[in-house]
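Listed below are the residues making up each chain.
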Amino acid sequence: MSQTGTQPQSSNTTTYYTLLGLHPSASVIDIRRAYRELSKQYHPDTTELPDTVATAKFQQINEAYATLSHPERRLSYDLKIGYSRFGVIQTPTDLNHPVHKPHDYSKSMYLDASDRPLSSGEIFVLFVLSLTIVGCLLLAIAVAVLRGEPTLQTQLSSDLNTQQIYQIYQINTQTARIT
């Protein structure tokens with residue numbers, strides 16, 4: 001038994017974890033890292049091994065990664081090999097003060113894509129996108145002003161007409177009070 005659960009059924013058979021050189025409690029990040037290193041090492045186009053050996057090993061690595069990188073398939077595979085992620089619950093030594101260990105989410109097996117910081121490339125793309133939107137708005141306004149859009153002119157002329165009417169009304173009311 002290990003600290004995080006039980007060991008796989010038999011150590012003689014090769015599991016996907018041993019194929020990738022990992023413990024069954026490895027995180028998604030560890031699985032991805034091991035897969036990338038091994039795929040570079042055993043890829044038929046980049047290895048010095050014979051093509052048949054490299055292809056067979058590369059296919060095994062791909063199959064292992066496809067299973068272990070998908071949460072539902074990984075859980076099913078863990079049950080198949082007899083590994084349990086749920087450790088044995090131990091009673092606290094002092095029942096008046098139960099042991100409480102804060103959960104470290106950075107070591108979680110399943111990562112939420114929204115919980116990671118943006119990469120520099122993503123930040124750059126957002127910056128370029130915002131510049132493009134602002135540039136398009138400024139260009140549309142500049143073109144409308146330079147072309148003398150009729151909607152802008154009618155709006156200005158109707159504003160002038162309203163102002164002129166208001167001034168005439170004020171003059172009329174003032175003259176009416178005087179007489």
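Each remark here, short or long, concerns the structure printed above.
Described below are features of the structure shown in this document. Bear in mind the structure is a predicted one, so any value in this text is a computation, not a measurement. The numbers attached to residues start from 1 for each chain and follow its sequence in the written order. Selection of residues for local features in this predicted model requires a pLDDT of at least 70, selection of side-chain atom pairs for listing and counting requires 80 or more, and totals for whole chains, interfaces and linings are taken over all residues. Excluding hydrogens and water, the side-chain values take into account all heavy atoms of the structure.

### With respect to the side chain of Thr-67
Part 1: In DSSP terms, a helix is any run of H or I states spanning at least four residues, a strand is any run of E spanning at least two, and both are numbered starting from the N terminus. Along the chain, Thr-67 falls in helix α3 (residues 51-68).
Part 2: Exposed residues in this analysis have more than 50% of their type's maximum accessible area, buried residues have under 20%, and partly exposed residues fall in between, with area computed by a 1.4 Å probe over protein chains only. The exposure class of Thr-67 is buried, given its relative accessible area of 14%.
Part 3: Residues are treated as being in contact if the distance between any of their heavy atoms lies within 4.5 Å. Apart from residues no more than four positions distant in its own chain, Thr-67 is found in contact with Tyr-16, Arg-73, Arg-74 and Tyr-77.

### Points about the pattern of salt bridges
Part 1: Salt bridges are defined by distance alone: a side-chain nitrogen of Lys or Arg within 4 Å of a carboxyl oxygen of Asp or Glu. According to the stated counting rule, one finds 1 salt bridge in the structure shown.
Part 2: Arg-33 is paired through a salt bridge with Asp-30; the nearest N and O atoms lie 3.3 Å apart. Taken together, the positions of Arg-33 and Asp-30, both in helix α2 (residues 28-42) and 3 residues apart, correspond to about one turn of that helix.
Part 3: Here Arg-33 falls in the partly exposed class, since its relative accessible area comes to 46%.
Part 4: By relative accessible area, which is 31% here, Asp-30 ends up partly exposed.

### Structural notes on the packing of α3 against helix α4 (residues 71-81)
The description of two helices packed together rests on the angle between their axes and the distance between the axes.
Part 1: Axes here refer to lines fitted to C-alpha atoms; in helices the fit is confined to the stretch in contact. Angles between the N-to-C directions go from 0 to 180 degrees. Contact geometry for α3 and α4: axes closest at 6 Å, N-to-C directions at 105 degrees. Regarding the angle of α3 to α4, the classification is roughly perpendicular. Every residue of α4 that contacts α3 at Ala-66, Thr-67 and Leu-68 is listed here: Arg-73, Arg-74 and Tyr-77.
Part 2: Residues are grouped as follows: Ala, Val, Leu, Ile, Met, Phe, Trp, Tyr, Cys and Pro are nonpolar; Asp, Glu, Lys and Arg are charged; all remaining types, including Gly, are polar. Counted by class, the contact of α3 with α4 contains 3 nonpolar, 1 polar and 2 charged residues. Geometric relationships in this document are graded by angle, where less than 35 degrees denotes roughly parallel, more than 145 denotes roughly antiparallel, 65 to 115 denotes roughly perpendicular, and other angles denote oblique.

### Some remarks on the nonpolar core
Part 1: Leu-20, Leu-22, Ile-31, Ile-61, Leu-68 and Tyr-77 are the most contacted members of the largest nonpolar core, which has 17 residues in total.
Part 2: Counting only elements with at least two residues in this core, the list comes to α1 (16-20), α2, α3 and α4.
Part 3: Ranked by the residues each element gives to this core, the list is headed by α2, at 5 residues.
Part 4: Tyr-77 has contacts with Thr-15, Tyr-16, Tyr-17, Thr-67 and Leu-68, leaving out every residue within four places of it along the chain. Note on terminology: a nonpolar core comprises buried Ala, Val, Leu, Ile, Met, Phe, Trp, Tyr and Cys residues joined through side-chain atoms within 4.5 Å.

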